Amino acid sequence: MWKGLSVITDSPSPIVVVLSGSMEPAFQRGDLLLLWNRNLYSETNVGEIVVYNVKDKDIPIVHRVVRKFGTGPDAQLLTKGDNNLSDDTELYARGQDYLVRKDIIGSVVGFIPFVGYVTIMLSEHPWLKTVMLGIMGLVVVLQRE
């Protein structure tokens, strides 16, 4: 199913969870975002909320495009979190001043509030995984007839 969503949306990660409060009030921590990366008829524009990866970092970042220089696949994009005081130049890889289209995983086309909070809780409190597995195992054993 994940691969199918990836192919349809042309995004390696078609669903992401907001991990910080940098995009408040637009998105809250724990919101589940739906991405689309098939901009066939239009380019990424100023004001659009995008998810991008920084070279050598595993965590995708959800921020708004605040400036655009040029057009086409070589356009340079500057992003910023709505709740941040400054733009993202400090977050970009060393020697990188702007994003280009290939850095973007996808544009946000929808969201489901707080559904991703379970993911955050499980990553911040690893012992919860053990508790959840124990409860599921107990339910399976008790449900047998």
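By the naming in an unreviewed UniProt entry, the chain goes by Signal peptidase complex catalytic subunit SEC11 and is assigned to Podospora appendiculata. Regarding the chain, the UniProt comment filed under Function (unreviewed entry) reads as follows: "Catalytic component of the signal peptidase complex (SPC) which catalyzes the cleavage of N-terminal signal sequences from nascent proteins as they are translocated into the lumen of the endoplasmic reticulum. Specifically cleaves N-terminal signal peptides that contain a hydrophobic alpha-helix (h-region) shorter than 18-20 amino acids."

A few words now on the pattern of salt bridges. With the rule as written, the count across this model stands at three salt bridges. Where R29 meets E124, a salt bridge forms, and the shortest distance between an N and an O atom there is 2.2 Å. Within this pair, whereas R29 is found in the loop between β1 (15–17) and β2 (32–36), its partner E124 is found in helix α2 (residues 117–124), the two being separated by 95 residues in sequence.

Moving on to the pairing of strand β4 (residues 61–69). Bridge analysis of strand β3 (residues 49–52) against β4 gives four bridges, and the strand direction is antiparallel. Along β4, the bridge assignment pairs I49 with R64. The pairing of β4 with strand β5 (residues 76–80) spans five bridges and is classified as antiparallel. The residue bridging R67 from the neighbouring strand is L78, located in β5. Turn length for the β4-β5 hairpin, with the two strands adjacent in sequence and antiparallel, is six residues, and the turn residue G70 shows positive phi of about 90°.

What counts and how
Residues numbered from 1 in each chain as written. Predicted model: local features only at pLDDT ≥ 70, side-chain atom pairs only at ≥ 80, totals over all residues. Heavy atoms only, no water. UniProt positions renumbered as here; feature names shortened; annotations may be inferred. Salt bridge = Lys/Arg side-chain N within 4 Å of Asp/Glu carboxyl O. Helix = DSSP H or I, 4+ residues; strand = E, 2+ residues; numbered from the N terminus. Pairing = 2+ DSSP bridges.

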